[in-house]
Amino acid sequence: MKLLLDIDGVMVPISPWKQPDFLSDNFPMFSNKATKALQRILKETNATVVLTTSHKSTYSIAEWIAIFQRRDFYVKMQTFISFSDSFSVIFLMYGVFLLITAIIRCTNLFLTAFNTLI
C-alpha cells in the first residue's frame, strides 16, 4: 500500500502569524496531531510513504528518511510514484470520477422526480 503524503499544511501546520519550530536538521517540526495519526496509519497498514510535497526533490531519499527518523518515524519511503503505481492512482481517480458521476445522476433523478411532484 502507498500513502501519498504532503508536508506543508499537513505535517507542518502553516500559520501566517507564527514561524514553525525547526529541529537541528533545519527542517520544521511535525504537528503532534499529524504525527500521532500518521504513526497509527503506518502501524496498521505498513504502507510505503510517497512524498507529494514540493520539497521532495530538495532532499535525497536518505535525507528524507533521516528527517522522519529524527521525528520518531521509521518508514519505508519513496519520493516519486513509479510507473506501475501511477496506474493505481489513475484507476483510483477514475473510480472517484465514476462515483461522483453516479451521485450527480442520482441527484438529477431525485430533483426531476421531486419537481414533478410539486
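Position labels on residues start from 1 in each chain and follow its written sequence. Per-residue local features are limited, in this predicted model, to residues with pLDDT of at least 70; the limit for side-chain atom pairs, both in listing and counting, is 80 or more; totals at the level of whole chains, interfaces and linings are taken over all residues. Hydrogens and water are ignored here; the side-chain numbers use all heavy atoms of the structure.

A. Up close: the packing of aromatic side chains. Between rings of Phe, Tyr and Trp, where Trp is taken as its six-membered ring, a pair exists when centres lie within 6.5 Å; planes separated by under 30 degrees are stacked, by over 60 edge-to-face, and by other angles tilted. Per the stated rule, a full pass over the model turns up 8 aromatic pairs. Summarising the aromatic geometry, the rings of Phe27 and Phe30 are spaced 6.5 Å apart at their centres and angled 85° between planes, so their arrangement reads as edge-to-face. In this pair, the class of Phe27 matches that of Phe30, namely buried. Arranged with centres 5.7 Å apart and planes meeting at 70°, the rings of Phe68 and Phe73 form a pair that is edge-to-face. The burial state of Phe68 is the same as that of Phe73; both residues are buried. Through pairs of rings, three or more aromatic residues link up here, namely Phe27, Phe30, Tyr59, Trp64, Phe68 and Phe73. By definition here, charges over rings are those cases where NZ of Lys or CZ of Arg is within 6 Å of the ring centre and within 35 degrees of the ring normal. In this structure, Arg71 is placed above the aromatic ring of Phe30, and the distance from its NZ or CZ to the ring centre is 5.2 Å. We call a residue buried when its accessible area falls under 20% of the maximum for its residue type, exposed when it is over 50%, and partly exposed in between, using a 1.4 Å probe and counting protein chains only.

B. Spatial organisation of a nonpolar patch on the surface. Patch rule: a residue counts if its relative accessible area is over 30% and it has no salt bridge; like charges are joined within 9 Å, and nonpolar side chains (Val, Leu, Ile, Met, Phe, Trp, Tyr) within 5 Å. The protein chains shown are the only cover counted for residues, whose accessible areas, like all others here, come from Shrake-Rupley with a 1.4 Å probe. Between Lys or Arg on one side and Asp or Glu on the other, a salt bridge is scored when a side-chain nitrogen of the former is within 4 Å of a carboxyl oxygen of the latter. Together, Val96, Ile100 and Ile104 make up an exposed nonpolar region whose accessible area comes to about 250 Å². Helix and strand labels come from DSSP, where a helix needs a run of H or I of at least four residues and a strand needs a run of E of at least two; each type is numbered from the N terminus. Relative to the assigned elements, Ile100 resides in helix H3 (residues 83–117). Classification of Ile100 as partly exposed rests on a relative accessible area of 44%.

C. View of the nonpolar core. Residues enter a nonpolar core if they are buried and are Ala, Val, Leu, Ile, Met, Phe, Trp, Tyr or Cys, with the set joined through side-chain atoms within 4.5 Å. Among the nonpolar cores identified, the biggest contains 19 residues, and Ile7, Phe30 and Phe68 are the most heavily contacted of them. Taken together, the elements giving at least two residues each to this core come down to strand S1 (2–5), helix H1 (32–45), strand S2 (48–51) and helix H2 (61–70). Working rule for contacts: check all heavy atoms of both residues, and any pair within 4.5 Å makes them a contact. Excluding anything up to four places from it in sequence, Phe30 contacts Ile7, Met11, Val12, Thr35, Ile67, Phe68, Arg71 and Phe73.

D. Here's a closer look at the sheet that holds S2. Strand order in the open sheet formed by 3 strands is S1-S2-S3, and the pairing between neighbours is parallel. At either end of the open sheet lies a strand with only one pairing partner, and these are S1 and strand S3 (76–78). Taking each pair of neighbouring strands and ignoring which way they run, the sheet shows an average axis angle of 30°. Between any two strands, at least two bridges found by DSSP are needed for them to pair. With 3 bridges joining them, S2 and S3 adopt parallel strand pairing. Looking at the pairing, Thr48 lines up with Lys76 of S3. Here an angle of 0 to 180 degrees is reported between the N-to-C directions of two axes, which are lines fitted to C-alpha atoms, with helices fitted over the stretch in contact.

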